[in-house]
Amino acid sequence: MVVHPERVAWDGASAIVAALDSEALYPWLHREVAGLLGTAAGDALHDSFRLLHGPQADRPFVEAAKWRARLDEAVRAQPRVAGHIGVLVTEVRARIAPIGLR
């Protein structure tokens, strides 16, 4: 199977930022991201959550770009993580669909 790091990173970033819109999903997502990418990524997710729930309307675009870069770096450093990010994207999409998030 051919892995396109850019696509994995973009799909992951889009799913993460969409899920961060839900306070109910945040604890689960934090555990998943920290478990997959480490404590620093968990801390970054907390920062993204805090910023996305702030006053700036353009934050989702900024946070998606940051997560795209972070995930792209992770996939390039450890190609095996791409499959795990794909699973995370599938799980996030399944969890956000019933609550109307995109």
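On a predicted model such as this, the values are computed, not experimentally measured, just so you know.

Participant: Honestly, the nonpolar core in this entry has me stumped. Any pointers?
Facilitator: Most often, soluble globular proteins have nonpolar side chains that are buried together. Formed by 31 residues in total, the largest nonpolar core has its most connected members in Ile16, Leu20, Leu29, Val33, Leu45, Trp67 and Val92. For this core, the secondary-structure elements that each account for two or more residues are helix 1 (5-19), helix 2 (26-37), helix 3 (39-52), helix 4 (59-77) and helix 5 (81-96). Those residues within four positions of Val92 in sequence are excluded, and the remaining contacts are Ala15, Ala19, Trp28 and Leu29.

Participant: What exactly am I supposed to notice about helix 1 here?
Facilitator: Think of an α-helix as turning once every 3.6 residues; residues three or four places apart then point the same way. A rise of 1.5 Å per residue sets the reference length of helix 1, with its 15 residues, at 21 Å; its end C-alpha atoms lie 21 Å apart and thus fit the reference within 8%. When you tally the buried positions in helix 1, you get 11 out of 15 residues, the bulk of the element. Regarding helix 1, the residues found buried are Pro5, Val8, Ala9, Asp11, Gly12, Ala13, Ala15, Ile16, Val17, Ala18 and Ala19.

Participant: Explanation requested: the packing of helix 1 against helix 5 in the structure shown.
Facilitator: When two helices pack together, their arrangement is captured by the angle between the axes and the distance separating the axes. Remark: helix 1 packs on helix 5, axes separated minimally by 9 Å, with the N-to-C direction vectors making an angle of 35 degrees. In this structure, the crossing between helix 1 and helix 5 has a hand that is left-handed. Taken together, the residues of helix 5 that come into contact with helix 1 (itself represented by Val8, Asp11, Gly12, Ala15, Ala18 and Ala19) are Ala82, Ile85, Val89, Val92, Arg93 and Ile96. The residue makeup of the contact of helix 1 with helix 5, split by class, is nine nonpolar, one polar and two charged.

Participant: Mind showing me how you'd approach the side chain of Asp72 here?
Facilitator: Positionally, Asp72 belongs in helix 4. Judged by its relative accessible area of 13%, Asp72 is buried. Aside from chain neighbours lying at most four places away, what touches Asp72 is Pro5, Glu6 and Ala9.

Participant: Help me understand helix 3, please; the structure alone is not making it clear to me.
Facilitator: The end-to-end C-alpha distance of helix 3 is 20 Å, a good match for the 20 Å that 14 residues give at a rise of 1.5 Å each. Taken together, the buried positions of helix 3 are occupied by Ala41, Gly42, Ala44, Leu45, Ser48, Phe49 and Leu52. Looking straight down helix 3, one finds that the buried residues subtend no more than 160 degrees of arc, so they occupy a single side. Exposed side chains of helix 3 directed beyond 90 degrees from the buried face belong to Thr39 and Ala40. Where helix 3 is buried, its residues touch helix 1, helix 2 and helix 4.

Participant: Whenever I open this one, the packing of helix 2 against helix 3 confuses me. Can you help?
Facilitator: As a packed pair, helix 2 and helix 3 sit with axes 7 Å apart at the nearest point and diverge in direction by 150 degrees. Overall, the two elements helix 2 and helix 3 adopt an arrangement that is roughly antiparallel. Between helix 2 and helix 3 the crossing geometry is right-handed. From helix 2, Tyr26, Leu29, His30, Val33, Ala34 and Leu37 reach across to helix 3, where they touch Thr39, Ala41, Gly42, Asp43, Leu45, His46 and Phe49. Of the residues assigned to the contact of helix 2 with helix 3, the class counts are eight nonpolar, four polar and one charged.

Conventions we followed
- Residues numbered from 1 in each chain as written.
- Predicted model: local features only at pLDDT ≥ 70, side-chain atom pairs only at ≥ 80, totals over all residues.
- Heavy atoms only, no water.
- Core = buried A, V, L, I, M, F, W, Y, C linked by side-chain atoms within 4.5 Å.
- Buried < 20%, exposed > 50% of the residue type's maximum accessible area, 1.4 Å probe, protein only.
- Helix = DSSP H or I, 4+ residues; strand = E, 2+ residues; numbered from the N terminus.
- Contact = heavy atoms within 4.5 Å.
- Expected span 1.5 Å × (residues − 1).
- Axes fitted to C-alpha atoms, helices over the stretch in contact; angles between N-to-C directions.
- Left-handed = near helix turned anticlockwise from the far one by under 90°.
- Nonpolar A, V, L, I, M, F, W, Y, C, P; charged D, E, K, R; others polar.
- Arc of directions from axis to C-beta.
- Parallel < 35°, antiparallel > 145°, perpendicular 65-115°, else oblique.

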